[in-house]
Amino acid sequence: MWIDGLPSGVLDSSQDEPLHRQLSEVIRQGIAEGALPPGTRLPTEADFQGKFGISRSVVRQAMAALTNDNLIQRGRGRGSVVAPQHEHHRAVQKMSGLSAQFSNSGDSVTTEIISLERAADPRAQKALGISELLALNRRRSVDGESIAIIHTWLPLSLVPGLEAKDLVDSSLHETLRARFGIPVTAGHRQVRAVSASAELSASLAVPLAAPLLVLEGTSCDDQGNAIEYFCTWHRADRVVFDVEAISDPPGSRLLSTPKQTSLPQNGAADATDLSETARSIATQMNDLAKRMSRLG
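Values in this document were obtained by computation on a predicted structure and should not be read as measured data.

### Considerations on the environment of Ala198
At step 1: Structurally, Ala198 is set in helix α7 (residues 198-204).
At step 2: Considering only alpha carbons, one finds Ala198 and Ala209, eleven residues apart in sequence, at a separation of 7.9 Å.

### With respect to the confidence of the model for the chain
At step 1: When pLDDT is averaged across the chain, the result is 81; 76% of the residues are at 70 or more.
At step 2: Taken element by element, the chain is modelled with least confidence in strand β11 (residues 269-273), mean pLDDT 37, and with most confidence in helix α5 (residues 122-128), mean pLDDT 95.
At step 3: Note that pLDDT drops below 50 for residues 254-286; the model gives that stretch 73 contacts with residues more than four away or on any other chain.
At step 4: Contacts from residues 289-296, a stretch scored under 50 in pLDDT, to residues over four places away or in other chains number twelve contacts.

### Quick notes on the packing of helix α2 (residues 45-52) against helix α3 (residues 56-68)
At step 1: Relative orientation of the contacting elements α2 and α3 amounts to 120 degrees, with a least axis distance of 9 Å. In this view, α2 runs oblique relative to α3, as classed from their interaxial angle. Classified by chirality, the crossing of α3 by α2 is right-handed. When α2 is examined against α3, the residues Glu45, Phe48 and Gln49 are found in contact with a partner set consisting of Arg56, Val59, Arg60 and Met63.

### What about the environment of Leu213?
At step 1: Among the structural elements, Leu213 can be located in strand β8 (residues 211-220).
At step 2: A sequence separation of 21 residues divides Leu213 from Arg192, and the C-alpha atoms of the two residues are 5.9 Å apart.

### A short note on helix α1 (residues 19-32)
Three or four residues apart is the spacing at which side chains of an α-helix point the same way, because the helix has 3.6 residues per turn.
At step 1: The end-to-end C-alpha separation of α1 is 20 Å, in line with the 20 Å expected for 14 residues at 1.5 Å each.
At step 2: Residues of α1 that are buried: Gln22, Leu23, Ser24, Val26, Ile27, Arg28, Gly30 and Ile31.
At step 3: Of the surrounding elements, those touching the buried residues of α1 are α2, α3, β1 (72-75) and β2 (79-82).
At step 4: After α1 finishes, the residue Gly34 shows a positive phi value of roughly 90 degrees.

### Let's talk about the pattern of salt bridges
At step 1: Applying the stated rule across the entire model yields 14 salt bridges.
At step 2: Between Glu163 and Lys165 there is a salt bridge, with the nearest N and O atoms lying 3.8 Å from each other.
At step 3: The partly exposed category is assigned to Glu163, whose relative accessible area is 41%.
At step 4: Residue classification places Lys165 among the exposed residues on the basis of a relative accessible area of 63%.
At step 5: The partner of Arg179 in a salt bridge is Asp166, with the nearest N and O atoms 2.6 Å apart. Of this pair, Arg179 sits in helix α6 (residues 172-180) while Asp166 sits in the loop between β6 (145-155) and α6, placing them 13 residues apart in sequence.

### So, the nonpolar core
The tendency in soluble globular proteins is for nonpolar side chains to be buried as a group.
At step 1: Counting 21 residues, the largest nonpolar core has Trp2, Leu23, Ile27, Phe48, Phe52 and Met63 as the members making the most contacts within it.
At step 2: Elements that contribute at least two residues to this core include exactly α1, α2 and α3.
At step 3: The greatest single-element share of this core, amounting to five residues, is contributed by α3.
At step 4: In contact with Met63, other than residues within four places in its own chain, are Ile27, Leu42, Phe48, Ile72, Arg74 and Ser80.
At step 5: Ala124, Leu133, Ala210 and Val214 belong to the second largest nonpolar core, which has 17 residues in total.

### Considerations on the pairing of strand β9 (residues 226-235)
At step 1: Within β9, nine of the ten residues are buried, leaving the element largely enclosed by the surrounding structure.
At step 2: Two strands pair when backbone bridges link them, and β6 and β9 are joined in this way by six bridges, in the antiparallel orientation. Bridge assignment links Ile149 to a residue of β9, and that residue is Trp233.
At step 3: Bridge count between β8 and β9: nine bridges; the pairing is antiparallel. Residue pairing for β9: Gly217 is matched across the bridge by Phe230.

Definitions and limits used
- Residues numbered from 1 in each chain as written.
- Predicted model: local features only at pLDDT ≥ 70, side-chain atom pairs only at ≥ 80, totals over all residues.
- Heavy atoms only, no water.
- Helix = DSSP H or I, 4+ residues; strand = E, 2+ residues; numbered from the N terminus.
- pLDDT = per-residue confidence, 0-100.
- Contact = heavy atoms within 4.5 Å.
- Axes fitted to C-alpha atoms, helices over the stretch in contact; angles between N-to-C directions.
- Parallel < 35°, antiparallel > 145°, perpendicular 65-115°, else oblique.
- Left-handed = near helix turned anticlockwise from the far one by under 90°.
- Expected span 1.5 Å × (residues − 1).
- Buried < 20%, exposed > 50% of the residue type's maximum accessible area, 1.4 Å probe, protein only.
- Salt bridge = Lys/Arg side-chain N within 4 Å of Asp/Glu carboxyl O.
- Core = buried A, V, L, I, M, F, W, Y, C linked by side-chain atoms within 4.5 Å.
- Pairing = 2+ DSSP bridges.

As structure tokens, this is what we get:
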């Protein structure tokens, strides 16, 4: 049984962190590392009390937090079980956006416009080569659960008359194509592992410093002109990045050092440049997944 392998001193009452939070983190780690796969029945309240010498109220507070985060399911007479994983897969090498990819998988995708206004941003100005920018901030949800925050900057002159209501539950790329005659055909992408800031924690309903995956970069039209700069923060416990891997041609060699760009706001670490070969990307993404599991 999973609980039998845990040291009895894993919970420490002398720490500042409450015991119920310590217990919930121990269970979270077990779920993240695969020791408690979906459908696993968790130990009973009495099991936790006996193992760690804690009160029933501590156990119940921990279970309530895990239930609120949709990590476990509780039912009268059947105890607590690890909830099914609600993973949403995104192919990062494709130009189609999050909305289009998730909608095609049958999920119910909604888009809330947080703000749409003129704003300056040094990174976006450098990437787009223009100072007059329109900043668009959105929150994407799948089946009613927030999973991504998207910050996008567009050249103001390209989208005259664009209003927030035009983008509610809509794809920006499709709007650019259909309304403004701007097809999005190519781009440059990077993936970064980051910790949720207080703002992102509140926006995505995740704990402070929870692991997130950021996809950032530029998009171009069919003439090669940069028309969009964006940063998208994804919940790492809900979104999986898929990458197609191919073998290298004979005599080729992988780039040893990825091209670096400025770090996004809210903190970042361990960048992976998606302009490398797909095989190099796949290797680094596997490493990233292992690190995220340890953060879990």
